[in-house]
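Fold and geometry: a report
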Amino acid sequence: IASGLRAHYNLEDLEGQRVLVLANLKTRKLVGFPSHGMVMCASSEDGSTVEFVEPPADAKVGERVSFEGYEGEPATPNQILKKKMLDVIFPDLVTDENGVATYKGTPFTTSAGVCKAQNGLKSAEVA
């Protein structure tokens, strides 16, 4: 996965870091190699602060994140691309006053609990 996080994190900060990955994206060539997904981060309005959205410590690696009231199978990479779903979804991805990542106010949830911005960044865009 290619990302633009180099300006915000040192390599040491990335090693062993638990992150959320949007994995049902069509492969795109970024910075010279194929990228197969997107690391989800919260960012301040001016982009000066960027924090990983982290799953709870007890969440299983690879576990699917869910949203209460939005059950069903995930969209395929082709559906996401053709229907421009990210353009519709991303404006509604934000952190709340506790740094919890939400979609239209509904928390990103795993079997172990909700997903939060690494340092609790409040009212931030998530992408």
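The structure this text deals with has already been given above.
Reading the values: rules and limits
- Residues numbered from 1 in each chain as written.
- Predicted model: local features only at pLDDT ≥ 70, side-chain atom pairs only at ≥ 80, totals over all residues.
- Heavy atoms only, no water.
- Buried < 20%, exposed > 50% of the residue type's maximum accessible area, 1.4 Å probe, protein only.
- Helix = DSSP H or I, 4+ residues; strand = E, 2+ residues; numbered from the N terminus.
- Pairing = 2+ DSSP bridges.
- Contact = heavy atoms within 4.5 Å.
- Core = buried A, V, L, I, M, F, W, Y, C linked by side-chain atoms within 4.5 Å.
- Polar contact = N/O pair within 3.5 Å; in protein donor to acceptor, adjacent residues only side chain to side chain.
- Phe/Tyr/Trp six-rings, centres within 6.5 Å; stacked < 30°, edge-to-face > 60°.

What follows concerns the pairing of strand β6 (residues 50-54). Across the five residues of β6, four count as buried, placing the element largely inside the fold. Bridge count for strand β5 (residues 41-43) against β6 is three bridges, and the pairing is antiparallel. Residue pairing in the sheet places Ser-43 in a bridge with Val-50 of β6. Counting the residues that bridge the hairpin from β5 to β6 gives six residues, and of these Gly-47 lies at a positive phi of roughly 80 degrees. By the bridge criterion, two bridges tie β6 to strand β12 (residues 116-117) in an arrangement that is antiparallel. If you follow Glu-54 over to β12, its bridge partner there is Lys-116.

Okay, the side chain of Asp-96 next. Its location among the elements puts Asp-96 in the loop between β7 (93-95) and β8 (101-103). Excluding residues that lie within four positions of it along the chain, Asp-96 makes contacts with Thr-102, Leu-121, Lys-122 and Ser-123.

Now for the side chain of Thr-106. In this structure, Thr-106 sits in strand β9 (residues 106-107). Note on Thr-106: relative accessible area 16%, which makes it buried. Discounting residues that sit within four places of it in the chain, Thr-106 has contacts with Phe-67, Glu-68, Tyr-70 and Ala-101.

Moving on: the nonpolar core. One finds Leu-20, Ala-42, Val-53, Phe-108 and Val-126 to be the most contacted residues of the largest nonpolar core, which totals 14 residues. Setting aside residues up to four positions removed in sequence, Leu-20 forms contacts with Met-38, Val-39, Met-40, Val-53, Pro-55, Val-65, Phe-108 and Cys-115. Within the second largest apolar cluster, six residues are counted, among which are Leu-5, Tyr-9, Val-39 and Phe-52.

With that settled, the discussion passes to the environment of Thr-110. In this structure, Thr-110 sits in strand β10 (residues 109-110). With relative accessibility at 7%, the residue Thr-110 sits in the buried group. Counting along the chain gives 43 residues from Thr-110 to Phe-67, while the straight-line C-alpha distance between them is 8.9 Å. For Thr-110, the residues in contact, after removing those within four places along its chain, are Pro-56, Ala-59, Glu-63, Val-65 and Cys-115. A polar side-chain atom of Thr-110 sits 3.1 Å from the main-chain amide nitrogen of Ala-112.

Let's shift gears to unusual backbone geometry. Phi is positive for Lys-104, close to 50 degrees, though the residue is something other than glycine. Inspection of the secondary structure puts Lys-104 in the loop between β8 and β9. Within the chain, Ser-123 stands out as a residue other than glycine whose phi angle is a positive 50 degrees. Mapped onto the secondary structure, Ser-123 falls in the loop between β12 and β13 (125-126).

Moving on, we come to the packing of aromatic side chains. The full count for this structure, using the stated rule, is three aromatic pairs. Each ring, one from Phe-67 and one from Tyr-103, has its centre 6.1 Å from the other, and the planes form 75 degrees; the classification is edge-to-face. With Phe-67 in the loop between β6 and α2 (77-82) and Tyr-103 in strand β8, this residue pair connects regions lying 36 residues apart in the sequence. For Tyr-103, a relative accessible area of 13% corresponds to the buried category. Ring centres of Phe-67 and Phe-108 lie 4.9 Å apart, and the angle between their planes is 75 degrees; this geometry places the pair in the edge-to-face category.

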